Each structure stands twice: as C-alpha cells, then as structure tokens.
Amino acid sequence: MSNLISSSAWQALYSHQSDIRNLKMRELFATDSSRFDKFSLQIDGLLLDYSKNLITEKTIELLINLASQSNLSDWIKRQFNGEKINTSESRAVLHTALRCPPNSTVLVDGKNVIPDVHRVLDHIRRYSNSIRSGITVGHTGKQIRHIVNIGIGGSALGPLMACEALKPFGSKDLTAHFVSNVDATDIAETLKKLDAETTLFIVSSKTFTTQETLTNAHTARAWLVKRLGSELAVAKHFAAVSTNLSETSKFGINPENVFEFWDWVGGRYSLWSAIGLPIAIYIGMENFERLLAGGHAMDEHFRNAPLEKNMPAILGLLGIWYGNFFGTGSYAILPYDQYLQHFPAYLQQLEMESNGKRVDREGNPVDYDTHFVVWGEPGTNGQHSFYQLIHQGTRMVPADFLAPLNSYNPIGEHHAMLLSNCFAQTESLMLGKTEAEARAELIAQGLTGNSLESLLPCKVFPGNRPTNTLLFNQLDPYTLGKLIALYEHKIFVQSVVWNINAFDQWGVEFGKQLANKLLPELRSEEAISTHDSSTNNLINIYRKRRIS
Ligand code: F6P
C-alpha cells in the first residue's frame, strides 16, 4: 500500500466519506443559512461558489490536512522558485515567470530569466503593433488581414481558446485561423478562405519537429510561393515561435520574425509565452498584457492565501474528494458563455496531459486513481444533449459551471435566460426531486392510477450532484488570465497530493514515435507482415485501396 493511501490524512477522509455520503445537500442548505458564506471565495471580482458540494466544514478541514501532509505550501514555493520539479525531463516549471512584472527575479540555474521574458515580450509588442498598424505589410505591399496559427496541442489550443474567448477585443481588420490536424482537410479548408497577399502564417512549435505542424507549414509555404510567385515572399508571410532556433532557420524563416521561448515552459502552459503571439496580434499587446496580469494576480493569490481560502487549492482538493473517495471517473466543464466554447477542449489537454499519469515521482505504479476524464460543452447546448446523464445517470459527474454576469451582446432577455438556465441547473442538480414531489406534480397534471405509478420513477431525480460555480463580471483579458491560471494551479495541487509529475507527457511522445515508424510502410511495394495481424491487415488494405 502506498504512503498516500496508508497516511493518516487519507484514512481520515476515507472514514469521513462513509460518515457523510448519505447526507443530503438540500438538508445541509435548509439547516444552515450561512452555507454559501462558508463555502465561497472571491478574488477581485471572481467568485467561486462551492457550497453545492457534498461537504461539511469537517470535509474541508480534512482535505486541508491532506494538502498539508503533502507539503503543498513547500511545493508551491519550489515551483515558483524555479526548482527542477519536472524531474523526468530535468526542467524547471516556470510558466508563472512569463507573467511576472519586469522588476521580478526568478532564477533558473542561477540566471534571472525575467529580462529574457521581457525582451521577448518587447519583440512581440513591436511585431504585433507593426502588423496591426500596417507598418509591416505582405510581399506585395498589402496590409495583413489573416493570421494563421500552424501548431498542435499546447502550441494551438491556448491561442485558439483565447482568441475565441476574447473576440470582443479582437481587431475588426483581422481574422485568426488555426490549423492543427495533419488531415489535409484542415489546411485545405483554411487556405480556401485566405488571400495570400494578406496572410501571415505563424508556425508555432516548441520542438519544431512535430510531424503535423511541419507538414502543414510546408504545405502553407508551397501554397504561398505558388500564389505570390516568389520564394522571397516567405520572409514577409511567415513567423515562427519555438525553442529550437536552428530548425526555424532551416525552414527559412526570417530570424527577425522568430520568437523564442524556453524549455522551462511546458507546451500546454505556453500561451503566456511567445506561443501567445497570435493572441497579441489579434487583441493587441495591451490586452495581451492584461491577460498576463490576470494570470499573475492568480499566482499571487495561490502563493500567499492560506490553504482554506486558496481558490486553486480548494478546487483541486474537491476534485480529489470526488475522484478518489467517491470514485467519479470524469468531471464536466460547463461554460455558460459562448466565447468560452473552446475552454473545455483547452482544459482537456491541460488537465489530462498533466495528470493522466500512472507512476509516482519515484517511478512506482500508483495504487490510487489520478486524473479523471474532462469533458464539456457550453451551456445551454449541453443541456439538450448530455445533462440527462448528469441528472439521472448512475454515475456522479461533478461539474464546474462558469458564467459572466454581463454579456457583450446584451440583446433582449438572452443573457437573463442564459443565467437562469445556469443557476437552475446547479440548483436542481443539488436538490433533485423526491418521489413525493414528483407524485404531487403528476397529480397536479391530472395523472392517476397506473399511468401515474408507471411514470413516477422516471420523474424522480436523486439530486446531491455536486457543482462549483465560477462567476465573473465579463470575460475580459484580465479575467481570462485569472481563470486559466486558476486551473493551472488546481492541476498542480492535485499532482502534489498524488505525488506525480504534472509536467511531462511521455504517453504523447510515444504516439509521435509510432506514427513516424509506420509511415514508410504505407508506401511500401511489399506486403507488410511485421506487426500483429490486425495492424498488418489495416496497412495492407490501405496499400491496395489507396488512389493517390
Ligand atoms: O501533444 C504532445 C505535445 O508534446 C504537447 O505537449 C505539445 O503542446 C504539442 O505536443 C506540440 O508540440 P510542439 O510545440 O513541440 O510542436
């Protein structure tokens, strides 16, 4: 049995769970009018209401004990101080340094990295201003109107999510496009929307070796050269973001348009770095800096707030409460904000690539569950699709609801309707509907006898389904920065308790190796027989039936 499972803090939570699992949240609310005050937190305008959880004050006390037993406060210091806590890659983990003010000091191997961070930010400022103002133009002298981010995973999902989330701040003269998939359809359909003379491609890849990104970048390059009739056009229409400057120069990108970042920035934590270049161009540098400031504000809160008032710690510990003590296999992210439509996909990578791990920091297989499946859709669309399972399925699915109090599109009653749905969902998930309540409703509708009795079980809702609600005024860059950093730190809290490394991704690296090995076999003249019979047949069927 692992140290974690046998620890006093874990065992105390284990027995507490059996004491309280039959409590009803509706009764906890009915008997304690201060429940919301007890179980909610505010950080300059961002509210976390976690009162609709299956918890008591004792639960929170025991979860905080678990965090203390895991030395969470020490780990937070170690991360912020630039210790190489990503041990399997021997790297510091310092996305937090990317949002530090210029007068800060953060040391990696004895060197203060903040001057480099601000040197690159200055570069982004100059370049994004010159693209937006039309000082930097395309090969034929026309102003840039389309920016196309070519990247995948952490080099795509953050900029995609943030450009969509901050559309109200986006330049009306620019359209942001994102190409990720090696499926040619992705780039082909994007190219159809573009005019080569007014398009800037940003090739974003930490390693600059990722198959999908390099393939798409070469396809885009060939398209551009063909359209503009000159190799010289590449210098004006391509920029790159990478830690691998020798590969960007081999690709032929003008060194002035190459933006660097560092190995201490993990891919999925990189939107704050030069990977955020498309965001800075699209929303402008001032707004990009507001995003960084929001992230920094959450960093300061995470470092300084006591654990019981610490928003990322509370969110992370609640996740552990359900995942490890109730056996929930997934949790849902439900933004009631269309601009946050890519937030669930962004968090899928952030959370599952970080904490989907099976060995601890010492390399021992763990004997407890680590991360759960993350999924979600914007409300109210999800209500008409999968909420049925959340309300009446056999599994408990904890969910985070996120909503702005004010809309950028204040048309009629739309926003009040949106929020009424959001609040009604969390209320009904908590309350449920008892058999007596359901019966009374059916009787009021005129049902009696067999028709009433047969319908009754379908109309009962167990309730007691946990939710968090995050409210903010409007989704501006500062607020988005806080929200993203909140989830980043929540993930770190969970990794500390689980004693796993949240900052490597060997499982994904494995996929990269496999694809490169198999590719030549698809072009082979000879039948392939070196794999298992399933894989051999799949390859050979493709070889026989491919048209081009
Ligand atoms: O998908 C795995 C991964 O390594 C991510 O962590 C990273 O964000 C993505 O690939 C892209 O890698 P790169 O930025 O090096 O092209």
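Let us look at the structure shown here.

About the thresholds
Chains are numbered independently. Their residues run from 1 in the order of the written sequence. Note on the predicted model: pLDDT of at least 70 is required for a residue's local features to be given, and 80 or more for side-chain atom pairs to be given and counted; whole-chain, interface and lining totals, by contrast, use all residues. Side-chain numbers here rest on the full set of heavy atoms in the structure, without hydrogens or water. Only runs of H or I of at least four residues qualify as helices and only runs of E of at least two qualify as strands under DSSP, and these elements are numbered from the N terminus. Each residue is placed in one exposure class: buried if its accessible area under a 1.4 Å probe, protein chains only, is under 20% of its type's maximum, exposed if it is over 50%, and partly exposed if it falls in between. Polar contact is defined as a pair of N or O atoms within 3.5 Å, subject to the rule that within protein one atom must be able to donate a hydrogen and the other to accept it, and that residues adjacent in sequence are counted only when both atoms are side-chain atoms. Every residue pair with non-hydrogen atoms within 4.5 Å of one another is taken to be in contact. To estimate how far a helix should extend, the number of its residues minus one is multiplied by 1.5 Å. Whether a residue is near a molecule or strand is decided by its heavy atoms; if any one of them lies within 4 Å of it, the residue is near. Note on areas: Shrake-Rupley, 1.4 Å probe, and residue coverage restricted to the protein chains presented here. Classification convention: Asp, Glu, Lys, Arg as charged; Ala, Val, Leu, Ile, Met, Phe, Trp, Tyr, Cys, Pro as nonpolar; all other residues, Gly among them, as polar. Note on pairing: two strands pair once DSSP finds at least 2 bridges between them. Whenever a helix is involved, its axis is fitted only over the stretch in contact; in every case the axis is a line through C-alpha atoms, and angles between N-to-C directions fall within 0 to 180 degrees. When describing relative orientation, an angle under 35 degrees is termed roughly parallel and one over 145 degrees roughly antiparallel, while 65 to 115 degrees is termed roughly perpendicular and anything else oblique. Two helices crossing with the near one rotated counterclockwise from the far one by less than a right angle form a left-handed crossing, whereas a clockwise rotation gives a right-handed crossing.

1. Comments concerning the side chain of Asn501
- With respect to the element layout, Asn501 can be found in the loop between α21 (477-498) and α22 (506-522).
- Its relative accessible area of 7% is what places Asn501 among the buried residues.
- A distance of 2.9 Å separates the side chain of Asn501 from the backbone nitrogen of Phe503, its partner in a polar contact.
- The residues touching Asn501, leaving out its near neighbours within four places in the chain, are Ile85, Asn86, Thr87, Ser88, Ser354, Lys357 and Arg361.

2. Some remarks on α21
- The terminal C-alpha atoms of α21, which comprises 22 residues, lie 32 Å apart, in line with the 32 Å expected from a rise of 1.5 Å per residue.
- Two residues or fewer after α21 comes Asn499, characterised by a positive phi angle close to 60°.

3. Here we look at the site of the ligand
- Lining the immediate surroundings of the ligand are 14 residues, of which Gly154, Ser155, Ser205, Thr207 and Thr210 lie closest.
- Taking Gly154, its main chain carries an N or O atom lying 2.7 Å from an oxygen atom of the ligand.
- Relative to its unbound accessible surface of 390 Å², the ligand loses 91% to contact with the protein.
- If you list the elements that add at least two residues to the shell around the ligand, you get α16 (343-355) and α22.
- The element best represented in the shell around the ligand is α22, accounting for three residues.
- Looking at side-chain class alone, the shell around the ligand contains two nonpolar, eight polar and four charged residues.

4. Regarding the pairing of strand β2 (residues 46-49)
- Along β2, one buried face is formed by Leu46 and Leu48 and the opposite face, lined by Leu47 and Asp49, is buried too.
- Here strand β1 (residues 40-43) pairs with β2 via four bridges, running antiparallel. In the sheet register, Ile43 faces β2, and the bridge partner there is Leu46.
- Relative to strand β13 (residues 467-472), β2 runs antiparallel, the two being bridged by three bridges. Looking across to β13, one finds that Leu47 is bridged to Leu471.

5. Some details on the packing of helix α14 (residues 285-304) against α21
- As a packed pair, α14 and α21 sit with axes 7 Å apart at the nearest point and diverge in direction by 40°. Here α14 lies oblique to α21, going by the angle between them. Once α14 is placed against α21, the crossing between them reads as right-handed. Contacts from Asn287, Arg290, Leu291, Ala293, Gly294, Gly295, Ala297, Met298, Asp299 and Phe302 of α14 reach α21 at Pro477, Tyr478, Leu480, Gly481, Lys482, Ala485, Leu486, His489, Phe492 and Val493.
- Residue classes in the contact of α14 with α21 are distributed as 12 nonpolar, five polar and three charged.

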